Amino acid sequence: MTKSELISHLAERNPHLFMRDIEKIVETVFEEITSALVRGDRVELRGFGAFSVKHRDSRTGRNPRTGETVYVAAKRLPFFKTGKALRERLNEKKDALSEF
Amino acid sequence: MSNRTVTRADLAEAVYEQVGLSRNESADLVEAVLDDISNTLVSGENVKISSFGSFSIREKGERIGRNPKTGVEVPISPRKVLVFRASHVLKDRINDADTNAPSSDGSSSF
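Throughout what follows, the structure given in this document is the object of discussion. Residue numbers run consecutively from 1 along every chain, following the written order of its sequence. A letter from A marks each chain and a number from 1 marks each ligand, given out in the order of writing. Local features are withheld for residues below a pLDDT of 70 in this predicted model, meaning they are given only at 70 or higher, and side-chain atom pairs are given and counted only at 80 or more; totals for whole chains, interfaces and linings count all residues. As a rule here, side-chain values cover all heavy atoms of the structure and leave hydrogens and water aside.

A few words now on the overall build of chain B. For helices the rule is a DSSP run of H or I covering at least 4 residues; for strands it is a run of E covering at least 2, with both sets numbered from the N terminus onward. Summing up its helical and strand segments, chain B has 3 helices and 6 strands in all. Partly exposed describes any residue whose relative accessible area lies between the buried limit of under 20% and the exposed limit of over 50%, with all areas from a 1.4 Å probe on protein chains only and scaled to the type maximum. Looking at chain B as a whole, 31% of its 110 residues are labelled buried. Of all intrachain contacts in chain B linking residues separated by at least 6 positions in sequence, the fraction that spans at least 24 positions is 31%. Per element, the accessible surface of chain B, about 6900 Å² overall, is 48% carbon and sulfur. Contact criterion: two residues are considered in contact whenever any of their non-hydrogen atoms come within 4.5 Å of each other. Per-residue and other accessible areas follow the Shrake-Rupley method at a 1.4 Å probe size, with only the shown protein chains counted as cover for residues.

Written out as structure tokens, the structure reads:
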């Protein structure tokens, strides 16, 4: 599924809303997560997962092909940890639904 | 750097401000976005959000683990895990912010 497919799914289920509003909603959600990470904040969406930023110190790396030493600058990396509910849903057996 | 935690309520508030729906409906739509992504992943399909990142399911085979405290070997059953790969756009935005962060030692030259 792509972002545009996500937008059309939501549009189908919300026929009372304008397409441009649905687009704006989806853009806003990802933009809010992104700007939080840019600020260094953590984004915690219970049941879905949490986004955070991890720091990597600068280090001296080596080009594995040439053996040449290169300086690798410190950087920050976005990181996602799957929420408990989603992790469990991914691993539940299909026929477990029939128990309900 | 503020170091607070952003939650669903913050996302809903942003949608409320940006789109002009009611607060309730804004919250419902944030939930609908997360639900659609979750359901798609549970159905086994990957989700790709351009300029943000992609979520994909990786199947892990069975392996032997060990209880680090007791040393007892236990089989870890095969499972599915969700992997998020951030897009370059997201990575670059996060690192551009780092250029003026206090943690850098000023040697941001490439």
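With that settled, the discussion passes to the nonpolar core. If you look at the biggest cluster of nonpolar residues, it comprises 44 residues, and the most contacted ones within it are Leu 6, Ile 33, Phe 48 and Phe 51 of chain A together with Ile 37, Phe 52 and Phe 55 of chain B. In terms of residue count, helix H2 (residues 19-39) of chain A provides more of this core than any other element does, 8 residues in total. Setting aside anything within four residues of it in sequence, one finds Phe 51 of chain A in contact with Ile 33, Leu 37, Arg 42, Val 43, Leu 45, Phe 79 and Phe 80 of chain A together with Phe 52, Phe 55 and Phe 84 of chain B. Within this scheme, the nonpolar core is defined by two criteria: the residues are buried Ala, Val, Leu, Ile, Met, Phe, Trp, Tyr or Cys, and they are joined through side-chain atoms within 4.5 Å.

Pairs were defined over the aromatic rings of Phe, Tyr and Trp, the Trp ring being its six-membered one, requiring ring centres within 6.5 Å. Orientation was assigned from the angle between planes: stacked under 30 degrees, edge-to-face over 60, tilted for the rest. Per the stated rule, a full pass over the model turns up 11 aromatic pairs over all chains. Between Phe 48 of chain A and Phe 55 of chain B, the aromatic rings sit 5.9 Å apart at their centres with planes inclined by 70°, giving edge-to-face as the arrangement. Of this pair, Phe 48 of chain A sits in the loop between strand S1 (42-45) and strand S2 (49-56) while Phe 55 of chain B is found in strand S3 (residues 53-60), placing the two residues in two different chains. Looking at Phe 55 of chain B, the relative accessible area reads 1%, which means it is buried. Here a set of aromatic residues connected by ring pairs shows up, and it is made of Phe 30, Phe 48, Phe 51 and Phe 80 of chain A together with Phe 52, Phe 55 and Phe 84 of chain B. We call a charge positioned over a ring when the NZ of a Lys or the CZ of an Arg lies within 6 Å of the ring centre and within 35 degrees of the ring normal. One residue, Lys 54 of chain A, lies across the ring of Phe 79 of chain A, its end atom 3.9 Å from the ring centre. One Lys or Arg, Arg 23 of chain B, reaches over the ring of Tyr 16 of chain B and ends 4.0 Å from the middle of that ring.

Turning our eyes to something else, we now look at the sheet that holds strand S2 (residues 47-49) of chain B. Residues and elements named next belong to chain B. Following DSSP output, two strands are said to pair if at least two bridges run between them. Strand order in the open sheet made by the 3 strands is S2-S3-S6, with antiparallel pairing throughout. Both outer strands of the open sheet, S2 and strand S6 (79-86), are each paired with one neighbouring strand and no more. Here the average twist between neighbouring strands, direction ignored, is 25°. When S3 meets S6, the two strands line up antiparallel, connected through 8 bridges. Each residue of the ladder has a partner; that of Ser 54, found in S6, is Arg 85. Orientation is described by lines fitted to C-alpha atoms, with helices fitted over the stretch in contact, and by angles between N-to-C directions that extend from 0 to 180 degrees.

It is worth spelling out the sheet that holds strand S5 (residues 75-82) of chain A at this point. The strands making up a sheet associate through backbone hydrogen bonding, with each pair oriented either parallel or antiparallel. One open sheet accounts for 4 strands, arranged S5(A)-S2(A)-S1(A)-S1(B); its pairing is mixed. Among the strands making up the open sheet, the edge pair consists of S5 of chain A together with strand S1 (5-6) of chain B.

Geometry only, nothing functional implied.
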